[in-house]
Each structure stands twice: as structure tokens, then as C-alpha cells.
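Working through the structure, step by step
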Amino acid sequence: MGKFLLVIVLFAALVYATFWLLERRRRRRSAPPPARPISPRRVVGPDDDEDFLRELERRRRRAAREKRPEKPKDSTPPPAPGPSPEQPPAPEDQPREDRDQSRPE
């Protein structure tokens, strides 16, 4: 029984191989050869794509613009700390001997 099964398996493999070779030859004859080999399109990474980089720069500038506080158009700079030139200095700012002279007696 074992030999009979082995003969059947070998015969099936031989028939399969024959039909596979015949089909392969038939396809080769019927298919026209390609005019030229088709090369795949080169994949461009995001860091090489000019449109992508341009859009990133636009987004970065827009985000930076939104983060900056708006400057009022009619604003004047804040006054410098300390006494203004119109006001006399406070008694604590004067030297010690000047303070004694400024007191009324």
C-alpha cells in the first residue's frame, strides 16, 4: 500500500510540473514584451518636499504671530521709575544735611 501511494504522489507531481511549464510558455508567447521597464516613482521624504517645508514655515510664522501680544497703536512708553522732573525729590531721597535745612523751625 505504501508503494502505491508513493507512485500516485510522484505521478501527480509530474503532471502538475508539466502543466505549469506549458502554461508558463503559453503566457510568454501571448504577452507582448514591455516597451521599456517602468521605474517606480521616487518617493520624496517630507523633509525634501518643498511644498511641505513651505507649509511648515507658514504655520510656524502664524503660530508665532498669534503668540505675540498685540501692541496698542496709541500707547506711550511707561514713565521711568523714580521721581518725575516736575516733582521735588522726597525727603528720603535727599542727603541728611539737606533734610535738616528743609524743615521749618
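Sequence order as written defines residue numbering, which begins from 1 separately in each chain. Local features in a predicted model are, by the rule used here, given only for residues with pLDDT of at least 70; side-chain atom pairs are given and counted only at 80 or more, and totals for whole chains, interfaces and linings are based on all residues. With hydrogens and water stripped out, all remaining heavy atoms of the structure feed into the side-chain values.

Turning our attention to the overall build of the chain. The secondary structure listing takes helices from DSSP runs of H or I that are at least 4 residues long and strands from runs of E that are at least 2 residues long, numbered from the N terminus. Scanning the chain for helices and strands turns up three helices and zero strands. Reading the secondary structure of the chain in the N-to-C direction produces α-α-α. Partly exposed describes any residue whose relative accessible area lies between the buried limit of under 20% and the exposed limit of over 50%, with all areas from a 1.4 Å probe on protein chains only and scaled to the type maximum. Put simply, the chain has 105 residues, and 0% of those count as buried. Per element, the accessible surface of the chain, about 11600 Å² overall, is 58% carbon and sulfur. Working definition of accessibility: Shrake-Rupley area with a 1.4 Å probe, residue cover restricted to the visible protein chains.

Salt bridges are counted wherever a side-chain nitrogen of Lys or Arg sits within 4 Å of a carboxyl oxygen of Asp or Glu. For the structure shown, the criterion picks out seven salt bridges. Ionic pairing is found between E55 and R58, a salt bridge with its closest N-O pair at 3.6 Å. Taken together, the positions of E55 and R58, both in helix 2 (residues 50–67) and three residues apart, correspond to about one turn of that helix. Residue R58 is classed as partly exposed on the basis of its relative accessible area, which comes to 47%. Salt bridges sharing common partners tie together E23, R26 and R27.

Our focus in this paragraph is the confidence of the model for the chain. pLDDT: the predictor's confidence for each residue, scored from 0 to 100. On average, residues of the chain score 76 in pLDDT, and 56% of them reach the 70 mark or higher. When the elements of the chain are averaged for pLDDT, helix 3 (residues 96–102) gives the smallest value, 55, and helix 1 (residues 2–30) the largest, 91.

What follows is about helix 1. A helix's residues, less one, multiplied by 1.5 Å, set its expected span. Spanning 29 residues, helix 1 covers 43 Å between terminal C-alpha atoms, matching the ideal 42 Å at 1.5 Å per step. For helix 1, a buried count of zero out of 29 residues is recorded, marking the element as mostly open to its surroundings.

This part covers a nonpolar patch on the surface. Note on patches: the residues involved have over 30% relative accessible area and no salt bridge, like charges join within 9 Å, and the nonpolar side chains Val, Leu, Ile, Met, Phe, Trp and Tyr join within 5 Å. Taken together, the side chains of Y16, W20 and L21 present a nonpolar region at the surface, about 380 Å² in accessible area. Looking at the secondary structure, you find Y16 in helix 1. Overall, Y16 belongs to the exposed group, its relative accessible area being 60%.

Our focus in this paragraph is a positive patch on the surface. Just so you know, the count uses Lys and Arg for positive and Asp and Glu for negative, and it drops His and the chain ends. Charged side chains are reduced to one point each, which is NZ for Lys, CZ for Arg, CG for Asp and CD for Glu. Together, R24, R25, R28 and R29 make up a region of like positive charge exposed at the surface. Mapping R24 onto the fold places it in helix 1. What makes R24 partly exposed here is its relative accessible area of 43%.

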